[in-house]
Amino acid sequence: MQPEPPAEPLYSAAAERNAPPILEVLRRRLPAAPARVLEVAAGGGQHAAQFARALPHLAWLPSDPDPAALASIRAWAERLPSDNLEPPLALDVCADHWPVRHADAVVCINLLHIAPWHATPGLCVGAARLLPAGGELLVYGPFRVGGRHTADSNARFDDQLRRRRSGLGHP
């Protein structure tokens, strides 16, 4: 029996566009010394592969509850290999117990604005269990300020993500 070919990595033009400004913030906020970063809801893994390569002093641990996303993360790891990109974990942000015991920082990109409300306290409680004193939880998304998007492109991106929500594997 032939082994299955590796999955094709999921590609997002928005992830490609947003990677440089997100990376700029991550460089300022994440530890400068060797540390472990848990990425919650890593989706297809495009950012995980890019950020691990750009931040070689950090062990980057991507996670997602969706098996298709985990396969894509593994495919990105093959396409953009990096010694510091850890194998992805199946992690449901709302679970009482996460399959990781420690992280020096937690990064969450494009989850909270499309997930059900219970994902927000789930993320905060889970991150609090993992993070050391002074560890940071960093979130990114097309959030609204005063009920309005800060840019038309954020409104379009938010709409696109909400339409795809059922395919993201989030409750």
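In what follows, the accompanying structure is described. Quick caveat: nothing in here was measured; it's all calculated off a predicted structure.

## Describing the side chain of serine 63
Stage number 1. Here serine 63 shows up in strand E2 (residues 58–64).
Stage number 2. The class for serine 63 is buried, based on a relative accessible area of 0%.
Stage number 3. What serine 63 contacts, discounting residues up to four positions off in sequence, is Leu38, Glu39, Val40, Ala41, Ala42, Leu89 and Leu91.

## Some details on the state of the cysteines
Stage number 1. One pass over the structure, following the stated rule, counts 0 disulfides.
Stage number 2. Looking at the unpaired cysteine 94, the closest cysteine sulfur is the one in cysteine 108, lying at 11 Å.

## What about the environment of tyrosine 140?
Stage number 1. Counting through the fold element by element, tyrosine 140 comes out in strand E5 (residues 136–140).
Stage number 2. Take tyrosine 140: its relative accessible area is 28%, and that puts it in the partly exposed class.
Stage number 3. In contact with tyrosine 140, not counting residues within four places along its chain, are Asn18, Ile22, Cys108, Ile109 and Asn110.
Stage number 4. Separated by 3.4 Å, the side chains of tyrosine 140 and asparagine 18 make a polar contact.

## Re the packing of helix H1 (residues 13–29) against helix H2 (residues 46–54)
Stage number 1. Direction vectors running N to C along H1 and H2 enclose 40 degrees, while the axes themselves pass 10 Å from each other. In terms of orientation, H1 and H2 fall into the oblique class. Seen along the crossing, H1 lies across H2 with a hand that is right-handed. Contact residues: Ala15, Glu16, Asn18, Ala19, Ile22, Leu23, Leu26 and Arg27 in H1; Gln46, His47, Gln50, Phe51 and Ala54 in H2.
Stage number 2. Residue composition of the contact of H1 with H2, grouped by class: 7 nonpolar, 4 polar and 2 charged.

About the criteria used
- Every chain begins its residue count from 1, and numbering advances along the sequence as written.
- Only residues with pLDDT of at least 70 get local features here, since the model is predicted, and only at 80 or more are side-chain atom pairs given and counted; chain-wide, interface and lining totals rely on the full set of residues.
- Excluding hydrogens and water, the side-chain values take into account all heavy atoms of the structure.
- The numbering of helices and of strands both runs from the N terminus, where a helix is a DSSP run of H or I of at least 4 residues and a strand a run of E of at least 2.
- Working definition: with a 1.4 Å probe on protein chains only, accessible area under 20% of the residue-type maximum means buried, over 50% means exposed, and in between means partly exposed.
- Two residues qualify as a contact provided that any one of their heavy atoms is within 4.5 Å of a heavy atom in the partner residue.
- Two cysteine sulfurs form what is called a disulfide whenever their separation falls within 2.5 Å.
- The definition of a polar contact used here is a pair of N or O atoms within 3.5 Å, where within protein one atom must be able to donate a hydrogen and the other to accept one, and adjacent residues in sequence count solely through side-chain atom pairs.
- All axes here are fitted lines through C-alpha atoms, helices being fitted over the stretch that makes contact, and every angle between N-to-C directions spans 0 to 180 degrees.
- An angle counts as roughly parallel when it lies under 35 degrees, as roughly antiparallel when it exceeds 145, as roughly perpendicular when it falls between 65 and 115, and as oblique in every other case.
- Crossing handedness: left-handed means the near helix sits turned counterclockwise from the far one by under a right angle, and right-handed means the same turn made clockwise.
- Basically, the charged four are Asp, Glu, Lys and Arg, the nonpolar ten are Ala, Val, Leu, Ile, Met, Phe, Trp, Tyr, Cys and Pro, and anything else, Gly included, counts as polar.

What is shown is where atoms sit, not what they do.
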